[in-house]
Amino acid sequence: ITKAGENLYQFGEVLIDRKAKVVSLPAVSNQVNGLIEYGVVHESGKIHESLFRTVVRPQIVHASLLLLKCKPAKGFFENLWAEKPREIDYSSHQVKITVSWELNGTKYENKIENLALNQKNDQAMSRDSIVFTGSKFIEGIFMAESSGSILAVYADETAIFNSTDHDSNNDDVWYANKLKMPPLECPVMIRFHLQREVNSPKLRK
């Protein structure tokens, strides 16, 4: 980790804004129509099912959030797959995610929830539905690094982020919102805005 400015730290391709509690990474528009299961994956992941792909390793993304004291939601999947899921308040684990890009001199920005639609009703994902669930190590292997999964629209226990939308357990209803997505192969910047009330630790050069 190297210092990149006041309250700014570079961690590989990731930029960490300690004061604003924002983690930014570069990506590319990967799919603008058709069914999707992911919002963001590493280029080694399931790119045929994802809105965006990035060269940033999932382990770097996960570590960046931990450095800012963002805590994973516990018991998320146990509840999601339960026969009778409970209504749980995940607000303290929510992460607002924006996608920005420039096209012909014009700058655009949108929330990632608006870039995926549910074909049951053609509605976008629920507002502020993305939660930091965190990935895990199994027999010394960091699962997100192995799968390449960073942000899952359809629930994925190996992904770093998951959706709390009521249809997040359905793998055949989500599709890319072509009217809102940037053009295919368009470079974008994805920003993960963490809860401001969370205190971040000191980052060392």
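Preceding block: the structure.
Residues numbered from 1 in each chain as written. Predicted model: local features only at pLDDT ≥ 70, side-chain atom pairs only at ≥ 80, totals over all residues. Heavy atoms only, no water.

K.L.:
For this particular structure, what's the right way to read the overall build of the protein?
P.N.:
Within the protein, the secondary structure is distributed over three helices and 17 strands. The globule rule puts the C-alpha radius of gyration for 205 residues at 17 Å, and the 16 Å found for the protein is close to it. Seen along its three principal axes, the alpha-carbon backbone of the protein occupies a region of about 50 × 45 × 30 Å. Here the protein holds 205 residues, and 49% of them are scored as buried. The contacts in the protein between residues at least 6 apart in sequence include a share of 66% that link residues at least 24 apart. (Helix = DSSP H or I, 4+ residues; strand = E, 2+ residues; numbered from the N terminus. Rg over C-alpha atoms; globule rule 2.2 N^0.38 Å. Buried < 20%, exposed > 50% of the residue type's maximum accessible area, 1.4 Å probe, protein only. Contact = heavy atoms within 4.5 Å.)

K.L.:
When you look at the packing of aromatic side chains in this model, what are you seeing that I'm missing?
P.N.:
Think of a pair of aromatic rings as described by two things: how far the centres are apart, and how the planes are tilted against each other in angle. A full pass over the atoms with the stated rule returns five aromatic pairs. Ring geometry for F132 versus F161: centroids 5.9 Å apart, planes at 50°, classification tilted. In this pair, F132 sits in strand β11 (residues 130-132) while F161 sits in strand β15 (residues 161-163), placing the two residues 29 residues apart along the sequence. With a relative accessible area of 0%, F161 lands in the buried category. A network of ring pairs unites the aromatic residues F132, F161 and F192 as a single cluster. (Phe/Tyr/Trp six-rings, centres within 6.5 Å; stacked < 30°, edge-to-face > 60°.)

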